[in-house]
Amino acid sequence: MKVKTQIIGMEPYKPGKPMEEVKQELGLSEVHKLASNENPYGPSPAAAEAAAEAAGHPEIYPDGYAAELRSQTAAHLNIDPSQLVFGAGSDEVILMLCRALLTPETNTVMASPTFSQYKHNAVVEGAEIREVPLKNGYHDLPAMLDQVDENTRIIWVCNPNNPTGTYTTKEEFESFLEQVPSDVLVVSDEAYIEYVTAPDYPDTLSLLNDYPNLMVLRTFSKAYGLASLRVGYGAGSTELVQALDPIRPPFNTTTIAQKAAAAALKDQEYVESCRRENREALDEFERFCESHGLSYLPSQTNFLLINTGIPGNRMFDSLLRKGFIVRSGESLGFPDSIRVTAGTKEQNQLFLKALDESLSENSTLSEQ
C-alpha cells in the first residue's frame, strides 16, 4: 500500500497524559490536569442540560447545516449565517482550509512556534511550509509578510498565540492585513478570544466585509467548556464558505454538540465569570513568578508559559510525581519552560506549592 510520501514518518497529535493513566503509573490518589487549556469550571449549566436532553435520540442524524446553532452564532457575532462554516472543533476547519487551498505547488506562512495543526495539515497536502520565528515571543508580522510570494495561499495568525499566550494588537493586525495580497487568505485563529482582556485586541469580525481574504476561527472547546463535544467554526466571506462547504464531511457536528453550543452561547454571564476567574488565576501565577525570579510571557489566554530555567521535561516529571500534569516546553519550542493551564482556585494554590517544591528540588540537583 502506497501512502503519500509526505506523511511517512509524521506523528499524530499528542495530547496531555490522561489522569487515570498517571494515577495508575505513579500510584497517586489525586491528579490535576493542567496541560490541555480546558476550562476548569466546565460548561455552563444550561449547556450541560441541553447536552443531556439532546442525548435522548442517538439514532437520528444531526442537522447537517447546524441551522439553530448557525442562526444563534450569526446573531451573536452580527454577521450573516451564510458566512459560517462549522467543524468538529476549529481543527477541522483548519483541515478544510488546507485541503481546499494548498497543493505541492503552493506555500503557507506561519509563526514558529505556533499551533501545530497548521503545519501538520499543510504537510499532508504537500505544500511548502514557511515558518517565521517569533520575535520576543510575539508574531513577527513584517517578517511573515516578507515570506509571501505568488505561490502563497494561506497565512496563519494565531491570536492569542499557542503556546506563548501573546497577542497581536489591532493596529498591528490591520496594518498587516492591508499589505497582504488580496488573493492570499489570512486566518486569524482566535480559540482563546473569550479570555482576552486587552483593550487593543483586534475586532476582526468588523473587517470581514472589507477583506474577503480574511477568515476568523473560533471554538466552543475553551472558555465555553465543551472540549469533548468538538465544535468550532470559521467566519468569513460567503464565497469562501461556499467553496469550503463541499469539503465539509456530512453531519460533522453532532446533535449534542450543536444543542450544547447553542445553549452555551446564550449564557454570556457564565463566560464572563470564567473570564474573571481566569484573569485572577493568571495574576496569581504572575505574582509567583515575580517573587521567584522566573520569567514568563504575558498571556491573554487561559495558560501561562513559564521559564523555570530548568529543562522542561525534568520539571514535567517532577510535577507529575506531585500529581500535576502540565506541558513541557521542550516539545513546544521553549526547552527551559513549562506551559500550565489556569485551574480552579484550589488547584492553583496546590500547583504553586508543588511548583515551589519542584523548583527547590531541581535547583539543588543542578548544584550537585
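Conventions we followed
- Residues numbered from 1 in each chain as written.
- Predicted model: local features only at pLDDT ≥ 70, side-chain atom pairs only at ≥ 80, totals over all residues.
- Heavy atoms only, no water.
- Helix = DSSP H or I, 4+ residues; strand = E, 2+ residues; numbered from the N terminus.
- Buried < 20%, exposed > 50% of the residue type's maximum accessible area, 1.4 Å probe, protein only.
- Contact = heavy atoms within 4.5 Å.
- Areas by Shrake-Rupley, 256 points an atom, 1.4 Å probe, with all protein chains shown as cover.
- Pairing = 2+ DSSP bridges.
- Axes fitted to C-alpha atoms, helices over the stretch in contact; angles between N-to-C directions.
- Phe/Tyr/Trp six-rings, centres within 6.5 Å; stacked < 30°, edge-to-face > 60°.
- Core = buried A, V, L, I, M, F, W, Y, C linked by side-chain atoms within 4.5 Å.
- Salt bridge = Lys/Arg side-chain N within 4 Å of Asp/Glu carboxyl O.
- Parallel < 35°, antiparallel > 145°, perpendicular 65-115°, else oblique.
- Left-handed = near helix turned anticlockwise from the far one by under 90°.

Asker: What exactly am I supposed to notice about the overall build of the protein chain here?
Answerer: Looking only at helices and strands, the protein chain features twelve helices and 13 strands. Viewed in the frame of its principal axes, the protein chain has a C-alpha envelope of about 60 × 55 × 50 Å. Out of the 368 residues in the protein chain, the part that is buried amounts to 53%. For the protein chain, long-range pairs separated by at least 24 residues make up 73% of all intrachain contacts whose partners lie at least 6 apart in sequence. Of the roughly 16800 Å² of accessible surface on the protein chain, a fraction of 51% belongs to carbon and sulfur atoms.

Asker: Just to check I follow, could you spell out the sheet that holds strand 2 (residues 84-87) for this structure?
Answerer: Hydrogen bonds between backbone atoms are what pair the strands of a sheet, whose relative direction is either parallel or antiparallel. Read from one edge to the other, the open sheet built from seven strands follows the order 2-8-7-6-5-3-4, with strand pairing classed as mixed. One side of each edge strand has no neighbouring strand; the edge strands of this open sheet are strand 2 and strand 4 (128-133). Going across the sheet, the axis of each strand differs from the next one's by a mean of 20 degrees, ignoring polarity. Direction of pairing for strand 3 (residues 107-112) relative to strand 4: parallel, over a ladder of six bridges. Within strand 4, the residue paired with Val109 across the bridge is Arg130. Here helix 7 (residues 170-179) sits on the sheet and contacts strand 5 (152-158), strand 6 (185-189) and strand 7 (214-219); the angle it forms with strand 6, its principal contact strand, is near 160 degrees.

Asker: Would you explain the sheet that holds strand 9 (residues 295-296) in this entry?
Answerer: Ordered by their spatial adjacency, four strands build an open sheet running 9-10-13-12, and the pairing between neighbours is antiparallel. Each edge of the sheet is formed by a strand with only one pairing partner; in this case those strands are strand 9 and strand 12 (327-328). Alignment of strand 12 against strand 13 (residues 337-341), held across two bridges, turns out to be antiparallel. Residue pairing for strand 13: Arg327 is matched across the bridge by Arg339. Its contacts with the sheet put helix 10 (residues 268-291) on strand 9, strand 10 (303-307) and strand 13, and the angle it makes with strand 10 is roughly 10 degrees. Sheet contacts for helix 11 (residues 312-320): strand 12 and strand 13; angle to strand 13, the most-contacted strand, approximately 45 degrees.

Asker: Could you clarify how one ought to interpret unusual backbone geometry in this entry?
Answerer: Excluding glycine, residues mostly have negative phi values, and the peptide bonds linking residues are mostly trans. The omega angle of the peptide bond from Ser112 to Pro113 is 0 degrees, so this bond is cis rather than trans. Considering the arrangement of structural elements, one finds Pro113 in the loop between strand 3 and helix 5 (116-124). Look at the link from Asn159 to Pro160: it is a cis peptide, with omega at 0 degrees. With respect to the helices and strands, Pro160 occurs in the loop between strand 5 and helix 7. You will see that Phe251, though not glycine, has its phi angle at about 55 degrees, which is positive.

Asker: I tried to follow the packing of aromatic side chains on my own but got confused; where do I start?
Answerer: Working definition: an aromatic ring pair is given by the centre-to-centre distance plus the angle between the planes. Applying the stated criterion across every chain yields a total of ten aromatic pairs. Arranged with centres 4.9 Å apart and planes meeting at 50 degrees, the rings of Phe220 and Tyr224 form a pair that is tilted. Judged by its relative accessible area of 1%, Phe220 falls in the buried class. In this structure Tyr224 comes out as buried when scored by relative accessible area, which is 4%.

Asker: How should I be thinking about the nonpolar core in this particular structure?
Answerer: Judged by nonpolar contacts, the single largest core of 42 residues is most densely connected at Leu69, Leu84, Ile155, Phe176, Val186, Leu214 and Phe220. Here the element with the most residues in this core is helix 9 (residues 255-266); it accounts for six residues. What Ile155 contacts, discounting residues up to four positions off in sequence, is Val109, Met144, Val148, Phe176, Val180, Val184, Leu185, Val186 and Val187. Ala281, Phe285, Phe288 and Leu355 belong to the second largest nonpolar core, which has 28 residues in total.

Asker: Before we go on, may I ask you to explain the pattern of salt bridges in this structure?
Answerer: Where charged atoms of side chains with opposite charge meet at close range, the side chains can pair. For the structure on display, the rule yields 18 salt bridges. For Asp245, the salt bridge identified is with Arg248, shortest N-O distance 2.9 Å. A salt bridge links Asp283 to Arg279; its shortest N-O distance comes to 3.3 Å. With a gap of four residues between them, Asp283 and Arg279 both fall in helix 10, about one helical turn apart. Residue Asp283 is classed as partly exposed on the basis of its relative accessible area, which comes to 29%. You can call Arg279 buried: its relative accessible area is 19%. Through salt bridges with shared partners, a single ionic network connects Lys322, Lys353, Glu357 and Glu361.

Asker: How should I be thinking about the environment of Val93 in this particular structure?
Answerer: One can find Val93 in helix 4 (residues 90-101). For the pair Val93 and Arg218, spaced 125 residues apart in sequence, the C-alpha separation works out to 9.7 Å. Not counting residues up to four positions away in its chain, the partners in contact with Val93 are Val85, Phe86, Gly87, Met215, Leu217, Tyr233 and Gly234.

Asker: Just to check I follow, could you spell out the packing of helix 2 (residues 45-54) against helix 9 for this structure?
Answerer: Axis angle and axis distance: for two packed helices, these are the angle between their axes and the distance between the axes, and together they describe the pair. Packing of helix 2 against helix 9 leaves a shortest axis separation of 8 Å and a crossing angle of 155 degrees. Viewed along their axes, helix 2 and helix 9 adopt a mutual orientation that is roughly antiparallel. Crossing hand, helix 2 versus helix 9: right-handed. Contact residues: helix 2 offers Ala46, Ala47, Ala50, Ala51 and Ala54, while helix 9 offers Thr255, Ile256, Lys259, Ala260, Ala263 and Ala264.

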